[in-house]
Structure formats: structure tokens, C-alpha cells
Amino acid sequence: MYEFTYIKPGSLPEASDLLTRHEGAKPLSGGMTLIPTLKQRLSQPSHLVDLTGLAALKGIALVEGRLEIGAATRHVEVATSTVVRESLPALAALAAGIGDPQVRNRGTMGGSVANNDPAADYPSAVLGLAATVHTDRRSIAADDFFQGMFATALEPGELITRISFPLPERAAYAKFPHPASGYAMTGVFIAVTGGVVRVAVTGAGPGVFRWTDAEAALQASFSPAAIAGLEVDATDLNADIHAPAAYRANLVRVMALRALETLQTSSKGQ
Amino acid sequence: MSQVSLTVNGKAVSVDVEDRTLLSSVLRENLGLTGTHIGCDTSQCGACTVHLDGRVVKSCTVLAVQAAGSDVMTIEGLAPSHDPSGATLHPVQQAFSECHALQCGFCTPGMIMAVTGLLKDTPDPDEQQIIHGLEGNLCRCTGYVNIVKAVKQAASALRA
Amino acid sequence: MTFSRLEDRRLVTGAGRYVSDWNFPGQLHAAFLRADRAHARIVSINTEAARAMPGVRVVLTAADTAAAGFRSLPCAAPIPGKGGSALLKPERPVLAGDVVRFVGECVACVVAETAIAAQDAVEAIIVEYEDLPVAMTAEAAVAPGAPQLHPGIPGNVAIEFETGDPAAVAAAFEGAAHVVSLDLHNQRVVGSPMEPKGCLARHDASTGDYFVHVCTQGTTGMRAQLVATTGVPDEHVHIVAEDVGGGFGLRFNAYPEYSAIMLAARLAGAPVRWVASRSEVFLSDEHARGVTSRGEVALDAEGHFLAFRFNFLNDMGAYIAPTGPVVAVLSIRACLAGVYRVPAAVANVRLALTNSVPMAAYRGAGRPVISYMIERLVDQAATDLGIDPVELRRRNLIPTAAMPWKTVNGLGYDSGDFPAVLDKALGLSDWNGFSARRAEAGARGMLRGIGIATFIESTGGGASPDEVEARFGDHGEITIHAVSHSHGQSHETAYAELLASVLGLPRERFRLRNGDPGVRLAGNPTGGSRTMHGVGSALRVLADDIIAKGRELAARALEAASADIEFDNGVFRIAGTDRSVSLDALIERHAAGPERVFDTRSSARTGSTFPNGCHVAEVEIDPATGVVSIERYTAVDDAGNLLNPTIVAGQMHGAIVQGAGQVLGEHAIYDLETGQFLTGSFMDYAMPKAVNVHGLTIADHPVPTPTNLLGVKGVGEAGVTGSLPALMNAILAALRPVGVTHFDMPATPARVWGAVGAARAGDGRRFAHA
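Thresholds, definitions, all that
In this numbering scheme, every chain counts its residues from 1 along its sequence in written order. Lettering of chains starts at A and numbering of ligands starts at 1, both following the order in which they are written. With pLDDT at 70 or above as the cut-off, local features in this predicted model cover only qualifying residues; side-chain atom pairs require 80 or more to be listed or tallied, and sums for whole chains, interfaces and linings still use all residues. The contact rule is simple: place each C-beta atom from the backbone, and if two of them lie within 7 Å, those residues are in contact. Put simply, DSSP marks the helices as runs of H or I at least four residues long and the strands as runs of E at least two long, and each gets a number from the N terminus on. Residues are grouped as follows: Ala, Val, Leu, Ile, Met, Phe, Trp, Tyr, Cys and Pro are nonpolar; Asp, Glu, Lys and Arg are charged; every other residue, Gly included, is polar. Under the convention used throughout, the expected extent of a helix is 1.5 Å for every residue step, that is, one less than its residue count. Put simply, a residue is buried when 20 or more other C-beta atoms lie within 10 Å of its own C-beta and exposed when 12 or fewer do; between those, it is partly exposed, and each C-beta is set from the backbone. The axes used here are C-alpha line fits, helices contributing only the stretch in contact, and every angle between their N-to-C directions lies in the interval 0 to 180 degrees. Angle categories are assigned with fixed cut-offs, so that under 35 degrees is roughly parallel, over 145 is roughly antiparallel, 65 to 115 is roughly perpendicular, and the rest are oblique. Put simply, a crossing is left-handed when the front helix is turned counterclockwise from the back one by less than a right angle, and right-handed when it is turned clockwise. The split of the chain into domains comes from an automatic or database domain assignment. Strands pair, by our definition, only if DSSP identifies at least two bridges between them.

Participant: Explanation requested: the interface of chain A and chain B in the structure shown.
Facilitator: Quoted interface sizes are often the accessible area lost when the parts come together. Counting residues at the interface gives 19 residues for chain A, matched by 24 residues for chain B. Broken down by secondary-structure element, the contributors of at least two residues to the side of chain A that touches chain B are β1 (5-7), α2 (34-39) and α6 (101-104) of chain A. Across the side of chain A that touches chain B, the residue classes break down as eight nonpolar, six polar and five charged.

Participant: Teacher, can you tell me more about helix α18 (residues 645-664) of chain C here?
Facilitator: Residues that lie three or four places apart on an α-helix share one face, since the helix turns once every 3.6 residues. Taking 1.5 Å per residue as the helical rise, α18 of chain C with its 20 residues ought to reach 28 Å, and the 28 Å between its terminal C-alpha atoms agrees with that figure. Counted residue by residue, α18 of chain C has 18 buried out of 20 residues, so it is predominantly covered.

Participant: Would you explain the packing of helix α3 (residues 108-121) of chain B against helix α5 (residues 145-159) of chain B in this entry?
Facilitator: For any two helices packed against each other, one specifies the inter-axial angle together with the distance between the axes. Residues and elements named next belong to chain B. Relative orientation of the contacting elements α3 and α5 amounts to 45 degrees, with a least axis distance of 11 Å. If you check the angle between α3 and α5, you find them oblique. Considering only the axes of α3 and α5, their crossing is right-handed. In contact with M111, V115 and L119 of α3, α5 contributes I147, V151, A154, A155 and L158.

Participant: How should I be thinking about the domain arrangement of chain A in this particular structure?
Facilitator: All names here are of chain A. Segmenting chain A into domains produces domain 1 (1-51), domain 2 (52-166) and domain 3 (170-264). Each of domain 2 and domain 3 has a C-alpha centre, and the two are 20 Å apart. Across the boundary between the two partners, domain 2 contributes 23 residues, which contact 24 residues of domain 3. Of all the elements in the fold, those that place two or more residues in the side of domain 2 that touches domain 3 are α5 (89-96) and α8 (122-128). Across the side of domain 2 that touches domain 3, the residue classes break down as 15 nonpolar, six polar and two charged.

Participant: What's the story with the domain arrangement of chain C in this structure? I'm lost.
Facilitator: Residues and elements named next belong to chain C. Per the domain assignment, the segments of chain C are domain 1 (8-61 + 97-132 + 197-275), domain 2 (364-459 + 608-760) and domain 3 (466-604). Taking the mean C-alpha position of each, domain 1 and domain 3 sit 38 Å from one another. At the interface, 19 residues of domain 1 touch 14 residues of domain 3. Counting only elements with at least two residues in the side of domain 1 that touches domain 3, the list comes to α7 (219-230) and β11 (237-240). By residue class, the composition of the side of domain 1 that touches domain 3 is six nonpolar, eleven polar and two charged.

Participant: Looking at this structure, how should I read the sheet that holds strand β24 (residues 580-582) of chain C?
Facilitator: To summarise the sheet geometry, strands pair through backbone hydrogen bonds and adopt either a parallel or an antiparallel arrangement. All names here are of chain C. Spatially, β22-β23-β24 is the arrangement adopted by the three strands of the open sheet, whose pairing is antiparallel. What marks the edges here is a single partner per strand, and that holds for β22 (565-568) and β24. Taken over all neighbouring pairs, the strand axes of this sheet differ in orientation by 20 degrees on average, direction set aside. As paired strands, strand β23 (residues 571-574) and β24 are joined by three bridges and run antiparallel to one another. Residue pairing across strands places V571 opposite S582, the latter belonging to β24. In this fold helix α16 (residues 531-558) packs onto β22, β23 and β24, with an angle of close to 130 degrees to the strand it touches most, β22. Running at roughly 65 degrees to β24, helix α17 (residues 583-590) makes contact with β23 and β24 of the sheet.

Participant: What should I look at first to understand the interface of chain C and chain B in this one?
Facilitator: Facing the 45 residues of chain C at the interface are 43 residues of chain B. Of all elements in the fold, only α1 (8-12), α9 (278-284) and α18 of chain C reach the threshold of two or more residues within the side of chain C that touches chain B. The dominant element in the side of chain C that touches chain B, judged by the number of residues it contributes, is α18 of chain C, at seven residues.

Participant: Would you mind showing me how to read the packing of helix α11 (residues 367-385) of chain C against helix α12 (residues 389-396) of chain C here?
Facilitator: All names here are of chain C. The N-to-C vectors of α11 and α12 enclose an angle of 115 degrees; their axes lie 9 Å apart at closest approach. Between α11 and α12, the interaxial angle falls into the category roughly perpendicular. In the packing of α11 onto α12, the handedness of the crossing is right-handed. Residues V378, D379, A381 and A382 of α11 lie in contact with α12, whose contacting residues are P389, L392 and R393.

Participant: Just checking my understanding: could you explain the pairing of strand β6 (residues 132-135) of chain A for this structure?
Facilitator: Each regular strand shows side chains that alternate between the opposite faces of the sheet. Residues and elements named next belong to chain A. Only one face of β6 is buried, namely the one carrying V133 and T135, since none of T132 and H134 on the opposite face is buried. Where β6 meets strand β7 (residues 139-141), three bridges bridge the pair, whose relative direction is antiparallel. The residue of β7 that forms the bridge with H134 is S139. In sequence, β6 turns back onto β7 through a hairpin of three residues.

Participant: Quick question: what am I supposed to make of the sheet that holds strand β4 (residues 55-58) of chain B here?
Facilitator: All names here are of chain B. Strand order across the open sheet formed by five strands is β2-β1-β5-β3-β4, with mixed pairing between neighbours. Every other strand in the sheet has two partners, leaving β2 (11-17) and β4 as the edge strands with one partner each. Across the sheet, the mean angle from the axis of one strand to that of its neighbour is 40 degrees, orientation sign disregarded. Relative to strand β3 (residues 49-52), α3 is tilted by about 40 degrees, and along the sheet it contacts β3 and β4.

Spelled out as C-alpha cells, the structure:
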């Protein structure tokens, strides 16, 4: 790691101010991506602004029929929260499968969503549920938030404060973990919210995206048969030493089918 | 530089470190607790696993400054302190030895700390839960066969 | 009694002492600048800025190692090449001065007051390179027009071995009813012991002594290589090691970094420690396997093997590692005919130099290459000829009554009961019940396959006798010294239990010290699964020598002739009387005296043993994802007498899963154009995890060998030697029904899925040779 100065601000405005004032400053939440990056000397921030002490970023609550989760909420808290398990079990299940226990005990929802790693799990839930990302400046719809590999609508210094999820009639997530890293090689989040089907895919492409063909097919008939014959265009999907794009295209359909299987065994998903 | 105060294995300690210092290096270099091992640099192997405020974490992926004010338990603090001779092992340590769940021993401290964390949350895990619970730890010697066995034995010992 | 090992207490409490756990006052820290390209001429190295950085004490480059009189790292061939040719030895510098030949090769070493400061300074070194073309695979390296890596090694072939009788083989193929051939690739892997390698060196300027703390499999090999490289006299190099976090062959040789750290310690006038990051480990630990091969078998009309013919092209990396040629050829020579009664066989082995990390031993060390070749070829022959794979093996196994057996190239197997091992494995694996299990899996849409491997190993004979020494302490403790260093094999427990059982003393009385610089012994490092037959035999001699001493003392104490003294279960007794004295009492009376009468050094020399086995694997493949899951695995092994079955089973588990790791995903990949290493972390290199080895059954069928005092055969590596072919044969068996005719490791989900898809589209060989 290169040298940096660590600061743990006491308030959100203070954090925001620090991040705006120091051009080389970076926010630090669970650090599960940032710290390994620093260790590899792939990033050289001047300051790290630790957000985990900010009360404004904490908490899980049902508010007016929506599930609101503070940005600094750790994956383990989402996975084990009674409120999440009862109101949005697919999200709890997703959180319970992120990384490994040590990662879930540190990593946070806000950190994951702000980082927008193309193989992260949470972005698929945020996009699949058409959640709203609240920041210290504004509210951003999921469809506008994610802008490709590691890119989001966040402006410099802007911080996610909480994410607000509508409660779906049903939702499920299925992922195929990368054999080495455990990240999603492909993860598919399917949700029916207010009668509208959304299918969000992570891991397979350069960033989370919606599989609109499947959405249309499932909207017409919410069954595995509706998508079993769909082809996924591999053109823009990731290809690397681990798998060609065609394999990931296949996984998109297979994981979507597995998510649907989950839904068949439980009315709300799990 | 920052002064970091924390509790390690029940003892209050304070160290002056650069902000870029990892918790693992404070444990190993400043406090001489070399039972916490470093097996990789990408947070995959889990050899550095300790308990931070009662939760398992990889101490190579936590800055020491982030751990200020926290309670840390390392492998050296796991065995019951009521036995001044140190002869008594924690049931997980005991089970690892009895089930031959370690060979070279390098991954073992992290593995044992991860298992104690797992059993705290899941006192009676089935095989799938054990496998899922060990996803953050690599072992190259045992093929995991006897580790899984040791987790089951430790679980029943802890429930007894 | 509940199982536990003597070494366990310190290891489960965090009190083990690995290289990075040692600290000395005034200790400095080192970091290495490594080549960031695969092949380039070094135009200049500028270390000025690095030297000026805070806390920096020493910066070493090739100029400094030259000034210190360093020589090329050593290498040798264990047998002459074809036609008596010699190994063409590449010069391998500790720090590259003129040319870098692989990504990760050491170029400079910085010593500073902290590890972070050393790393900071490494980044300030400026190297100007002039890139050269690369040869990243053995095939590319031996192709006409390939860039030449070393002067004096045209065509990049360091040596070509031939073992067996080519004329007899040619004649057999002439008259064969059937010929079956198979091309296989045994991919490059990284052994990845969990402890990253490291080195801490202390230099005593007043005596010239170096104390070198390293991860080691045994001090003798390590010391000899450091002496050869640094030119420091043998008596001044002292290897220190306690716990070693895994080795698997990769901790045998003295890496160039170790010599550099020795020099750094002398120049800095302080202890210097370097501990590799995992990223450095991936770029600099010896890699292994990496063999392209072709096998052919000639059969008569009844399916009897008439001859084997093998060609191996080995990717050796950019230099020849000290153990590289041994691994490449000796196991192939020893196991050339496998467990089969084949009248003629020949193997040709070419060692090619490529722009990659040097290749050396990894668990199995060549046996997984030859067993994989033979056993896949046998399955291919069974498929092509429409003979059941078990039946084809049964027709060709060496009969038990024929033991000892002389193999085609003049070597021999002393003992074995191959048909019985096969039968036991078939029974335990419920081979006959497979079709029902396949039908059940098929109903779930899964492809199920069963595979078998009947194989033999040759364990290391050792370059010298193995010496052991017992030193009796003042408080009854008995310290055993030996060279062969445990890096997980439980030597501490195994040795103590062996001595305890012979001497009738509790095992807790014994402690093991490997790597004690104060005790210099001859002997072999741990390797080739040889420790229990080598060191174990020496310990048996040691116990007898101690008993002999005790007998003399007992005769004096009991006032009897020593010939009349019997020894049983720790007690000396005048035969036919109740007059006795215990060994323990004699030790208490005599051991601590100034003459240290009980202190004993003994030795034994053993040759190779031939562990053998039959492994049966059963897998299920999900055609939708390509995921291979191991549903059942049965290993029946003849490892001779088992001293501690729990430890033996542990060795089998670990080795089988390491084999499964290579079969299912481990693959060290270089970019073929740039030479960059693409799988340089556990994020990209798929280590086996705690998943998917269900129903593992370990059983034995011991046939004690007469070639050593204990009747033991090696056991540390058989699991890999059996599991590569057994698992791949099972995977092929699952894939053949959908049209896959050939498939090379690794069976990653994407490759298996791709093979199924290609086969359905009419191409059954798409995933041959990754």
C-alpha cells in the first residue's frame, strides 16, 4: 500500500466535505474491494474517509411498504435480518451468498453498489427490483444508476446513504460462482413487482444489465417454458481465460431458469 | 501515523502505526502474535482469520485504524483462559487434532477461527452449511475431508 | 485412543514457527524487483533513486552478485540423454543481468528498514529493456524459427532422453492386430503450498557463518544448492527450519532469492528477512507438469498389450530447475509399463525451454504424467476395441505369482498383488451397480460416468543413506534428528510412534528436530514419498542400536551374559528368569552421564518401493452448466505395511483432492503473445475448496515389501497418481455418450459445457489440448 491518511468523520456532511475537498480522497466502507486494491498498489488515494461510523448510513426498516437499507449495512446484517428475510427473502438469500463469511461480516451494501463491480451480486437486486438509490444529494432510479463497468451516476464526493427497495410479489436470485474467486460468473435476479417482471443479470457482461427478452417473455407467461428457448446474445458479454462469452450467455438462461425453479417452490422466493 | 488502541485476547493494547498498516501486521509484527498467518494478498485464503468484535474477518483486509476500539481475538486467545497451564484446548482445536484435520498447520489457525465463527452462528451445521461456512478458507494438505469431520465433532462437543 | 499428533498442540494454538514467524534484533527487510516482461535484453538498470530513499540500506543487482562470486544455479540430469548426450545447462543467474527470460524473474533486491520501505524503493528502480520475441509453449519453443532462449542450446531442447527398447517396440507394432494412439496434455499447475516461501539470513562476520531460515523439505539439498550458487563453503552455511507450511516438491530447491538474501545479510551487516507475497509466489515458485504427450499401444487380436510407445515434450520453463530433469524422466523410466505385462515399451522425453517459470517437482513428480498417459490410453484402447475397461486391464495385469517382476527396461517391481487390488476396488466402489446409478442420474438430466485407474508408482530411492540421531536429554527426553523435513507429513508423530513401539517407551518421550544447524547429518530431503522407507528404516536401525547398548548395560546390571538377555516391550530380562531391568531405568541411570552412552547415530539405505493401487471415480456432469461433481471415489492402495492408518488416510485425502484440483480447474496460464502470467492469484487460479468430494472411501491391500526393514511403501503421492486418470476416465465415460471423443484437462465448467455443445454439433475433439 502507498501512504494515505485515514479519517473517520462524525457526520455525513463532514464526510462529504472531506471527499470534495481532497481530490485524491476515497470513501472506505467495508473495504472488501478497496483494501485488496490498495494492497496490490493499484490505487493511490491521498485520504480514506471511513463511512462506517455514520449513523445516517445505518439501519434496516420497512418504511411505507418499502424496504430501506442503510448504505453501511453489512452483508451479514442483510442476510440475517428478520425484516429482510420476511419482507424480501430473495435479498437476504443473495446477501447470504456474497463472497464468504469473512467478507459478509465486513462488506456493505452501499460499498458494493457504489463500486459496481461487474461481478458483484447486489447490483442485480437493485436493478431487478427497480430500487431507488438515495444519496446525500438526491435519489437515483436503479435504471439510471448503473452505467457500466465500475461506473455509476454518482458524482465526485457523492455518497449513497440508503437503498430503498419496493417489495415484490416474488423474487429470486440464482448465481453461478466463479470457480476461483467465488464472484458471480453469472447471477440472475428475477422479480415481479406490481405485476411487472424484471430480470437483471450480473457477472456476464461489463456491468449489470436487464435481460429484456426474458422480461417480455415472462411478462406474457411467468414460467420456465417461456424462457427455455430464448437465446442470449453473447456479443457484448465477457470473455476471458475462464470462459468464452457463449458460456456466459448460456449461464444467463440457466441461472434464470434456476431462479424460476426457486420461485416454484416458494411463493415469495427465498 | 495514528495511535490505535484495541483489546486483543482480552488485553488492552495501544500501538503507533502508519495508517496503511493492516490489522494482521499489527498482530504479527507489533504484538508478536504470529499464529495469525498470511497466505495470500487477495483476501482469498483465510489464513489470517481472526474475530473482530465477535465476527470472523480476514485481518489482512482490515486496516489497523479501522479496528480501533474493537475487541480482537486471535488463535492465541481461543483456548480457555481459566486454565493457566494452557493444557486445555478449545473444542474446535481439540476436534482438529483428534480428527487429523491439519497436516502442515499453516492454514489451521485461520481455519479454526473460521470454524468457531461458523459454529456460533450455526451450532448444528449440515455438510452443505459446513462447506458454505468454509468458503473463505483454503487448505492445500487435507483435501478438507477431515476438516469437515472435525467441524461436525466440534459442533456436537460444543452443543453438549 | 483418540487420534492426535505430537505436532498438533503447537499448530492448533498458533505456536508453530514458520519462516515469517522468526524475528531477530536489528532485522531488515528485503523486496525484489521482478521482470515485468517475458523475454528482454536489459539495456540498463538505474538504482540511484532507490538507494537514496529513506530507510534503504542495500540494493543488489547482477553486478553485486558477480562481485560476490556467485555462480549459475545448479542443475543436472539424472541419467544420460539419448545416445549418451549431456544436458545442455542454461546459465541461471540469481539476479538477471543481461537478459530476463520470464515474467517474475528477479532483477534487483532492495533491503530496507521496513518491508514497506523496501517495496517503495523497488518501485524507484528504473530498468530499460529491449524486448525479445517469446516462446511460451514447448511446442512453440521447438518449432523451426523459434526464438532461442540461451546461447548454446539451439532449438531450445536441453536434452532428449530415451528409455526402453525402440527396436523391440517397432517390431511389436509391425505385427500388431490393433494400434491405438492418444494425444494428451498434462497442463501446467502451481503447487501452491499455503505458506508463501521466504528466507531470513543472518551472517556472523566474525566466523563467516550464515544461518539461513527457509521453507525446506530437507537441509542437505538446500545447503548443497546454496553452496554451489554462492560459493560460500559448506561448513559456513547452516539451514534453519522448524515448521514448514506445505511443500509438495516446491520447497526442495534453493530459489535464487535465498542466495540473494544471504548476500544482502552480509552486506547489510544485519539479519535480512524476505517473505514472498502470494503474487510473487505465483510468479516465482516452480510450476509443474506442463507435458504434451502422445501414447500408442499395440495389441494382439485378443487384447493383450504388445508394446507401449510414448513421446513426451516437457515445458521446462526458462531454466532447468535442479529437480526438473529428475521429475521429467525418472518416473517415466521406472513406471514405463505400469502394472501391465507388456513385452516392449519405449519412451522419448524432450526437455524444452520456454519463457516461463522453471518447472520442477509437484506431488507425484512425473508419476501422474506416466500414469495419466498409460491409464487414459488403456481406456482409449478399451473404447476403440469395444472391450470393457476392467476386462482389458484384467487381461494384461502382471500376475501376483510373477512377482518379483522385471520390467521391460530392466528395472523391477519387488512385490504387488495387482489383481486383488483391482477386485477390492471394484467391490468397494460397487462397480457393478453403476448402470443403475447412471440411469437414475440420467432421469435427472445428469451425465454420469465411472472411471478406473490401475497404477504403480516408484518412490524415491534417495541419493545417499539416511542418517538419524538420538540425543538423550537430562530429563528423559529423547531428541531425534533427521534430514527429511516434515511439511505436513506428520514425521514427528510417525517417528515417535515407530521408536516407541520398538523401544517400549511412551511416544511423548520423543521429540523431533529437523533443520537444527547444530546437527549435521547425511540424508535425503522429503520427496518421492520416501521418508518412511528411508528414514523409517534408519530409525528401525537406531532402535536396534539403542537396544544393543541397553543390552550391554542390562547384562552388567543383572550380572549376566548379554547373550542371555532378552528384550521385550521396554524390559531387558535374563531369559527364563524374572530378573529384569527396564530400558527406561537404564536410560535414567546412564543417558545423562558425560559419555552420553545412549546417544546414537544410525543410518540405512533403501531403494525405491512400488506402491500401487486401483482408484475408481464416479462423476456427474450437469450438461447445462458443465459442472463436474465427484459423487463417489474409491481408492484401494498397496502401500505395504501401514504404520499409522490415520496419517496414511490423510495423505490419500490430500493427494486425491490435489489431483481433483488439477482435473477440475487448476491451470497456470500465460498469455501466448505477451508472456504475461494470467492466473497470478487465487482469484484466477482455481484451488480446490471444501466442496464436492462425496463418498470418499480409502482402503488398503498391503503387500509388505521385502526391500526395507519396515515393509512399508511410499504413500504421500499415490493419491495424485491415481486420481488424475481415474477422474478423467470417469469424465470421459460420462461425456462419450453425448459424442465427446477426446478431452484434455482441466474439466472446467466452461470447457465441459463447450465440449458437450461441440460434440452435439458433430465435433467430439474440440477440447483436446487446452
